[in-house]
Amino acid sequence: MTIAGSDSGGGAGIQADLKTFSALGVFGTSTLTAITAQNTVGVSAVHEVPTDIIAAQIDAVMTDIGADAVKTGMLSSSEIVETVAEAIRRHGVVNLVVDPVMVAKSGDRLLREEAIHSICSSLIPLAAVVTPNIPEAEDLTGRPVQSDDDVREAAIRIVAMGARSVVIKGGHRDGPPTDVLYDGHEFLEFTTERIPSTNTHGTGCTFASAIAAGLAHGLDTPAAVARAKDYVTAAIRASYPIGHGHGPRVFGVFSQCDHQFATYDEVIQPCQDLTWFPAGSVFRNSMPRSSSIGRNAMCSVGPWTTVPDAPLFMMYEGPPTANGSPGIHHVLARVFKDVISRYRTMKGCRVIRKGGWDTHGLPVELEIEKELGLASKREIEEYGIAEFNQRCRESVFRYVKDWEVMTDRIGYWVDMHDPYVTLENDYIETGWWILKQLWDRGLLYQDRRGTPHCPRCVSSLSSHEVALGYRENTPDPSVFIKFEAAAWPGDAPTYFLAWTTTPWTLPGNTALAVDPDAEYSVVSVADHQLILATALLKVLHDEYSVVETRLGSELVGHSYRPLYDAAEFGSGIQQFVRRDGVTQLEDTDSYSPHVVAADFVSMDDGSGIVHIAPAFGDEDLALGRERGLAFIQPVDLQGIVTGSYPFAGKFVKDADPEIAADLDSRGLLYHQGVYRHTYPFCWRCDTPLLYYAKDSWYIRTTAVKDRLVDINGEIHWYPEHIREGRFGEWLRNNVDWSLSRERFWGTPIPIWRCDGCQSTRCVGSLAELSDLASIDVGDLDLHRPYVDDIAWPCSQCSGVMRRIPEVADAWFDSGMMPYAQWHYPFENPEIDNDGRLPADYICEAVDQTRGWFYSLHALSTLLNDDLAYRNVICLGLILDGRGRKMSKRLGNIVQPDTILDTHGADALRWYLFTASHPGEPRRFSDRLVQQTLRQVLLTLWNVYSFFTNYANIDEFEPSQIPEGWRPEAELDRWILAELNQLVQVVDDHLDNYNPTDAGRRLAEFIDVLSNWYVRRSRRRFWKSENDADKLGAYATLYRCLTTVARLMAPLAPFVSEQMYRNLELRYETHAPDSVHLSAYPVADTALIDGPIMEATRLAIRVSSMGRAARSKAGLKVRQPLAEVVVKTRTDAEAEYLSQVRPQILEELNIKELRAADGYGDLYVRAQELATDDGDAVVSVDGYSAAMESGYMVAVDARITPELADEGLARELAHRIQNLRKNARFEITDRIIAYYDGPDEIARVMTVHGDYIKQETLSDDLLATVAEDAAKSETAQIEGMEVTLGVRRLTDV
Ligand SMILES: [Zn+2]
Ligand SMILES: [Zn+2]
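This one's a predicted model, so the numbers in the text were calculated from it and none came from an experiment.

Draft legend 1. Summary view of the overall build of the chain. Across its full length, the chain holds 40 helices and 49 strands. Contacts spanning at least 24 positions in sequence make up 76% of the contacts within the chain whose residues lie at least 6 apart. Just so you have it, the chain exposes about 50,500 Å², and 48% of that area is on carbon and sulfur atoms.

Draft legend 2. Summary view of the nonpolar core. Core analysis: the largest hydrophobic core is formed by 138 residues, its most contacted members being Phe924 and Leu1037. The element that contributes the greatest number of residues to this core is helix α29 (residues 926-953), accounting for 13 residues. Leaving out residues up to four positions away in the same chain, Leu1037 has contacts with Val943, Phe946, Phe947, Leu1009, Tyr1013, Val1014 and Phe1021. In terms of nonpolar packing, the next biggest core, distinct from the first, is built from 63 residues, Val479, Trp488, Leu537 and Val601 among them.

Draft legend 3. Focus on the coordination of the zinc ion (ligand 2). At 2.2 to 2.3 Å from the zinc ion (ligand 2) lie its protein donor atoms, namely Cys754 (SG), Cys757 (SG), Cys794 (SG) and Cys797 (SG). Taken together, the four donor atoms coordinating the zinc ion (ligand 2) and their angles of 96 to 117° define a geometry best described as tetrahedral. Along the chain, the residues that donate to the zinc ion (ligand 2) are spaced as C-x2-C-x36-C-x2-C.

Draft legend 4. Focus on helix α33 (residues 1053-1065). Under the 1.5 Å per step criterion, the end-to-end length of α33 is only 16 Å for 13 residues, more than 12% shorter than the ideal 18 Å. The element α33 is largely enclosed, with a buried count of ten among its 13 residues.

Draft legend 5. Structural view of the sheet that holds strand β35 (residues 800-803). If you trace the four strands from one edge of the open sheet to the other, you get β33-β32-β35-β34, paired in antiparallel fashion. Each having just a single partner strand, β33 (760-762) and β34 (792-793) make up the two edges of the open sheet. Bridge count for β34 against β35 is two bridges, and the pairing is antiparallel. Across the sheet, the residue bridging to Trp792 is Met801, located in β35. Relative to the sheet, helix α17 (residues 425-440) contacts β32 (751-754) and β33, its axis offset from that of β33 by approximately 125°.

Draft legend 6. Structural view of the coordination of the zinc ion (ligand 1). For the zinc ion (ligand 1), the full set of protein donor atoms is Cys454 (SG), Cys457 (SG), Cys682 (SG) and Cys685 (SG), at a range of 2.2 to 2.4 Å. Around the zinc ion (ligand 1), the four donor atoms are arranged such that angles at the metal cover 102 to 120°; this shape is classified as tetrahedral. Each donor residue of the zinc ion (ligand 1) lies on one chain, and together they are spaced C-x2-C-x224-C-x2-C. One end of the pair, Cys457, is in the loop between β14 (444-454) and β15 (459-460); the other, Cys685, is in the loop between β27 (669-680) and β28 (690-699), with 228 residues separating them in the sequence.

Draft legend 7. Seen up close, the confidence of the model for the chain. Confidence in the prediction of the chain, expressed as mean pLDDT, is 79, and 75% of residues score 70 or more. Contacts for the low-pLDDT stretch residues 231-264, under 50 throughout, to residues beyond four places or in other chains number 141 contacts.

Draft legend 8. Here's a closer look at helix α34 (residues 1090-1112). Spanning 23 residues, α34 covers 33 Å between terminal C-alpha atoms, matching the ideal 33 Å at 1.5 Å per step. What α34 keeps buried is the set Ile1092, Met1093, Ala1095, Thr1096, Leu1098, Ala1099, Val1102, Ser1103, Met1105, Gly1106, Ala1109 and Arg1110. The N-cap of α34, judged by a side-chain oxygen 3.2 Å from the amide nitrogen of Ile1092 a few residues on, is Asp1089. In the segment just after α34, Gly1114 is the residue with positive phi, at about 70°.

Draft legend 9. Examining the sheet that holds strand β46 (residues 1231-1236) more closely. In spatial order, the strands read β47-β46-β49-β48; together these four strands make up an open sheet with mixed pairing. At either end of the open sheet lies a strand with only one pairing partner, and these are β47 (1258-1262) and β48 (1271-1277). Taking each pair of neighbouring strands and ignoring which way they run, the sheet shows an average axis angle of 20°. Taken together, the six bridges between β46 and strand β49 (residues 1280-1288) define a ladder with antiparallel strand orientation. Each residue of the ladder has a partner; that of Asp1236, found in β49, is Thr1283. Strands β46, β47 and β49 of the sheet are contacted by helix α39 (residues 1239-1247), whose axis makes an angle of about 45° with β49.

Draft legend 10. Focus on the side chain of Asp987. In this fold, Asp987 is placed in helix α30 (residues 970-991). On the basis of relative accessible area, Asp987 is assigned to the buried category, the value being 18%. Side chain to side chain, Asp987 and Tyr343 meet in a polar contact 2.5 Å long. If near-sequence neighbours (up to four positions away) are discounted, Asp987 is found in contact with Tyr343, Lys347 and Tyr1080.

Draft legend 11. Spotlight on the side chain of Glu369. If you trace the backbone, Glu369 turns up in helix α13 (residues 362-372). The exposure class assigned to Glu369 is buried, which follows from its relative accessible area of 2%. A polar contact of 2.8 Å, which involves the side chain of Glu369, links it to the side chain of Arg743. Those residues in contact with Glu369 that lie beyond four places of it in its chain are Leu374, Ala375, Ser376, Ile380, Phe388, Arg456 and Arg743.

Draft legend 12. View of the pattern of salt bridges. Throughout the structure, instances matching the rule amount to 71 salt bridges. One salt bridge connects Lys337 with Glu844, and the closest N-O pair in it is separated by 2.9 Å. Taken together, the residues Lys337 in helix α12 (residues 328-346) and Glu844 in strand β37 (residues 839-845) connect sequence positions 507 residues apart. What makes Lys337 buried here is its relative accessible area of 1%. What makes Glu844 buried here is its relative accessible area of 12%. Across the pair Arg1288 and Asp1229 runs a salt bridge whose closest N-O atoms are separated by 2.9 Å. Here Arg1288 is found in strand β49, whereas its partner Asp1229 is found in the loop between α38 (1201-1222) and β46, with 59 residues between them in sequence. A relative accessible area of 14% means that Asp1229 is categorised as buried.

Draft legend 13. Structural context of unusual backbone geometry. The omega torsion across Tyr718 and Pro719 is 5°, close enough to zero to call that bond cis. By the secondary structure assignment, Pro719 is in the loop between β29 (716-718) and α23 (721-732). Residue Leu837 is joined to Pro838 through a cis peptide bond whose omega torsion reads -10°. Within the secondary structure, Pro838 is located in the loop between α26 (817-820) and β37. For Ser774, which is not a glycine, the phi torsion comes out positive at approximately 55°. You can see Ser774 is positioned in the loop between α24 (766-773) and β34. The exposed category is assigned to Ser774, whose relative accessible area is 61%.

Draft legend 14. Summary view of the packing of helix α28 (residues 896-914) against helix α31 (residues 995-1022). Taken N-terminus to C-terminus, the directions of α28 and α31 make an angle of 115°; their axes are 7 Å apart at the nearest point. Listed contacts from α31 to Trp910, Phe913 and Thr914 of α28 are Pro995, Thr996, Gly999, Arg1000, Leu1002 and Ala1003. When its residues are assigned to classes, the contact of α28 with α31 shows five nonpolar, three polar and one charged.

Draft legend 15. Up close: the state of the cysteines. Taken as a whole and assessed by the stated rule, the structure comprises zero disulfides. The cysteine Cys874 is free of any disulfide, with Cys843 supplying the nearest cysteine sulfur at 8.3 Å.

Draft legend 16. Examining the pairing of β46 more closely. Of all six residues in β46, five are buried; the element is thus mostly enclosed. Summarising the sheet, β46 and β47 pair through four bridges and their orientation is parallel. Its bridge partner lying in β47, Tyr1234 is registered against Leu1262.

Draft legend 17. Summary view of the packing of helix α22 (residues 705-712) against helix α27 (residues 852-864). Relative to each other, α22 and α27 sit at 115°, their axes nearing to 10 Å. Taken together, α22 and α27 sit at an angle that is classed as roughly perpendicular. Every pair of crossing elements has a handedness; the one defined by α22 and α27 is right-handed. Taking contact as the criterion, the partners of Arg707, Leu708, Ile711 and Asn712 in α22 are, on α27, His857, Ala858 and Thr861.

Draft legend 18. Representation of the packing of aromatic side chains in the model. Tallying each qualifying case throughout the model produces 44 aromatic pairs. Aromatic side chains Trp439 and Trp697 sit 6.2 Å apart centroid to centroid with 40° between the ring planes, which places their arrangement in the tilted category. One end of the pair, Trp439, is in helix α17; the other, Trp697, is in strand β28, and 258 residues separate them in sequence. Judged by relative accessible area, Trp697 falls into the buried class, the value being 3%. Taken together through their ring pairs, the aromatic side chains of Phe946, Phe947, Tyr950, Phe956, Phe1021, Tyr1034 and Tyr1038 make up a single cluster.

Analysis parameters
- Residues numbered from 1 in each chain as written.
- Chains lettered and ligands numbered in written order.
- Predicted model: local features only at pLDDT ≥ 70, side-chain atom pairs only at ≥ 80, totals over all residues.
- Heavy atoms only, no water.
- Helix = DSSP H or I, 4+ residues; strand = E, 2+ residues; numbered from the N terminus.
- Contact = heavy atoms within 4.5 Å.
- Areas by Shrake-Rupley, 256 points an atom, 1.4 Å probe, with all protein chains shown as cover.
- Core = buried A, V, L, I, M, F, W, Y, C linked by side-chain atoms within 4.5 Å.
- Buried < 20%, exposed > 50% of the residue type's maximum accessible area, 1.4 Å probe, protein only.
- Donors = N, O, S within 2.8 Å, 3.2 Å for Na, K, Ca; no water.
- Tetrahedral: all angles 85-135°; square planar, octahedral: opposite > 155°, others 65-115°.
- Expected span 1.5 Å × (residues − 1).
- Pairing = 2+ DSSP bridges.
- Axes fitted to C-alpha atoms, helices over the stretch in contact; angles between N-to-C directions.
- pLDDT = per-residue confidence, 0-100.
- Polar contact = N/O pair within 3.5 Å; in protein donor to acceptor, adjacent residues only side chain to side chain.
- Salt bridge = Lys/Arg side-chain N within 4 Å of Asp/Glu carboxyl O.
- Nonpolar A, V, L, I, M, F, W, Y, C, P; charged D, E, K, R; others polar.
- Disulfide = S-S within 2.5 Å.
- Parallel < 35°, antiparallel > 145°, perpendicular 65-115°, else oblique.
- Left-handed = near helix turned anticlockwise from the far one by under 90°.
- Phe/Tyr/Trp six-rings, centres within 6.5 Å; stacked < 30°, edge-to-face > 60°.

Set out below in structure tokens:
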């Protein structure tokens, strides 16, 4: 990946950058760099060296990196902003790197602010660059960036605006600016390497910008940073002579994390060391004991599963097909299956998780057809069914390795060593047994129906398959046809006007249907008459006059001339004839088309006269059977017109226009147009489906329709609305399951039919087949063509029993997995009552509602009159980062491996769980996963690192926590109250199949643990004495971390395992080997303290609002203020406020807190100034007041000389601290500090001397030039030039 950098530096810098970096991959362009999903929009401003050469160089570079748009030359800043805004609009830019120095140089301030705001509101500046110490520098919010504090606060503000990271540039001054920022703040130091050079500030900016750009690209891993660093170092070395001046040396990245900043490589990668789990047989130990569970021992006896009576929890794996590599949507379903299974294991269940592979069906055949270049069924037969099926068999495991690796990497624990495989004989045999059960009960039957048929696949589709392929707005011809009535009274030729959207069915017409109760009109048009429904006269275009009206029933029986005489064009004619109570088709020579009555004639569109072709639509076929109509089939199964019609040999859809033209030439076409409607296409091959009357095998699901509906009422659907909605609707409209497919690679339907007397036999087992055929079929491959060779003499005639050629719908395979995965009933007959039927839990995406969810439900209802699954999570679709469906065409498909490599499995899982509730669609992008990693996992890791670092220093061990210890400190009581409430809530959510809210609550807790508990407790860990308070802090944080590790283990199995091993397993030899074998936490409800939680939440809110108020007024955090006025919403809160007053004052560095009377003047005036929704920071009466949801926090913005002195004292102490650090003194070293500066400095040093000495461990503060100082620095402080120095006392 190219890292693009942006540089606002001078022209010389740019020139040098281009020369060197273009070869290295880091590009110095100025000034805004916007990065689209894939490419870069570079906008260059060359202020100082506007030469054509440079412009051309920039052009070349931008072209090299595949920028979408390049604009270079003498651009004003506003032009740059406009260009970027344009790029955002035109190219869908998603990332933006902003260098504010350019912004500061823009002449038109208003334009610049507006532009920046519009840019920032339309997309989040993922990274921004802050360059301190340039006279005109401002940050994105238009605030000056001069001092180091300005830099820090600018960074905070930019992060608050949504930036993911802020790069601090290092150029333009002698001192290392960001050193100052490390003190207790949140920066990562990239490098302190000093590279002398003549003019490197441009380089420095470029480097910083390159990193910023890298960050925006999601490359904030040490490896990516190192790469960027290498580029720059090499570039500098190559181009600048060693000399004087200042080089790039210190760069910091600001993040919202506290403490040390951990990175992906340091944390997540080692956690995902997959060797742990197999080494400890952890997964196997989490599975149930083998003795009662089938022929294959699934696991050894582990510590957890030695509990013999542990309840069983059954998870059914919906089988994927491994003939393609797994995508992110597969990851989604798999992690949702996993989280519930892990949770149940920790709750003490034996969880059965048998893997499975779906191997049969048309998708597999289609792949092989493509590979072999076969275009039709006939070509497959010519190629050879045996070879063809062999290719199918080989292909279905082609990507099995990818699947196994992905499954491991995402931490989905499913037994892949003993999966069920739908192509195995055992599996198929269970299918035969099921079909035999249905056969014996009369639930499996053959029927001729108008069936949805794919002419390309030459196979029927079931109604659930048809449901997968509807397309809206499909254009079809709309033709009104004139059928000439025979012997109509009068002279004028008279026609029945009928309407169709499928002209190709017209040669199959054998009747016209009317509504017997509707009124029809005979109208005179030009020289002839038309008959149509009175209600639909509006379809006539020409002028007409009504001659007479008749009821539909009066038209019934009237004959008309066929459009095409079947005999003349070589189509066979059959007729439905009823003999001995059975209606069947018999061949005949002639037929007489006529008008019949039907109850399905619509008066909404068409003409009220329906063209009937029994060979196609199902209604037509039923009507034909009922009325004894003729049956003409002029189209073959490939959709080709047969016979000698003028359009014979054409595919039906291609024949449509020719038929229309032919009828037109014969004066039989009244009108034609285009009709747009929703039409089904083959979901596998995209061919428009035809309705085609043919014989198929059906499972009579309608026999149990009411039970299907009733039993569905017992299933817990997540989300709940699917039960009555999508799924319930489907069941209420149930039709029989079309089972047979005229294909090759599938479970053969075990029905044999006599080629003589046509008697049939359904075979229910291999033993039965062996008996019948008098050979041992035990080793036979049950697939076609081998099974087709098994035949035996008919017992009733001299014919031979041969298998019907059809195979079963592949959804039958997946629906029978509850039985077939155990080879039931041939083995494991006990699954009936040992808890393995039904499943406790299944999970797939919403597209399986009519697929697997239905096939499981239908078979279970038919066979057991019972549930197939008790709980089901039905997942929404995965969309891209911008909310679009992922597709190859859009090129927005995300590969799971890329995400796993970059952010790790835990971040990926966490994001998928928490982004939206299971049934909702979720947006997915690399960036969104990265945010999760940072906000949740790295934040937790930083707390964990903080704990382990100090625990090691203090030699803390959990055994030091006394038996029966209870928290005493307020902070401890608060966080443990929060923790125990969290345990209750998370447990409850997971028990209710809701990992989304479980994860969100965990994330909230991690946030307050880090940003309030740890931050406010830090001094308790720092202090040197090991007292009860310190032990209390350790005990509390230890408990928080170990509990959170267990709570989150089902969601983030890797990080939690690492924490568990280090925090618990190390100390307790009897602890289970893995967090995944440990028990799920149970809340200590006695510790849940409502008032303390309310009070602390209030303190957190007030502090956060107070910081916003300070920030808006430009008041540095280090500057003490006189007063804060707080308005709460309720009396209870006012009460809490007095409790948490000290915390708030300390947080905000303010001396007094006053509770505002709810109707006090200040609040009323602030409210008037606030925006409509009441949330804002307003300036009122010398206060800066933050308003939010009925709260007000107003800080007194007036700084008295005394307060200013105090602020200055803090600044000085702070700088001396940094000098200590730079000089690498020990924390406990006592020192002497030197200073030199204006009188004001001396005065403050005197007045606040005690404070400064105490803060800096200084024995003395000397107003002298510090010649023997170990470290000294001259800097601008509050506009004064001040020199400070430090020296260790022991070095004196
Ligand atoms: Zn098809
Ligand atoms: Zn027979």
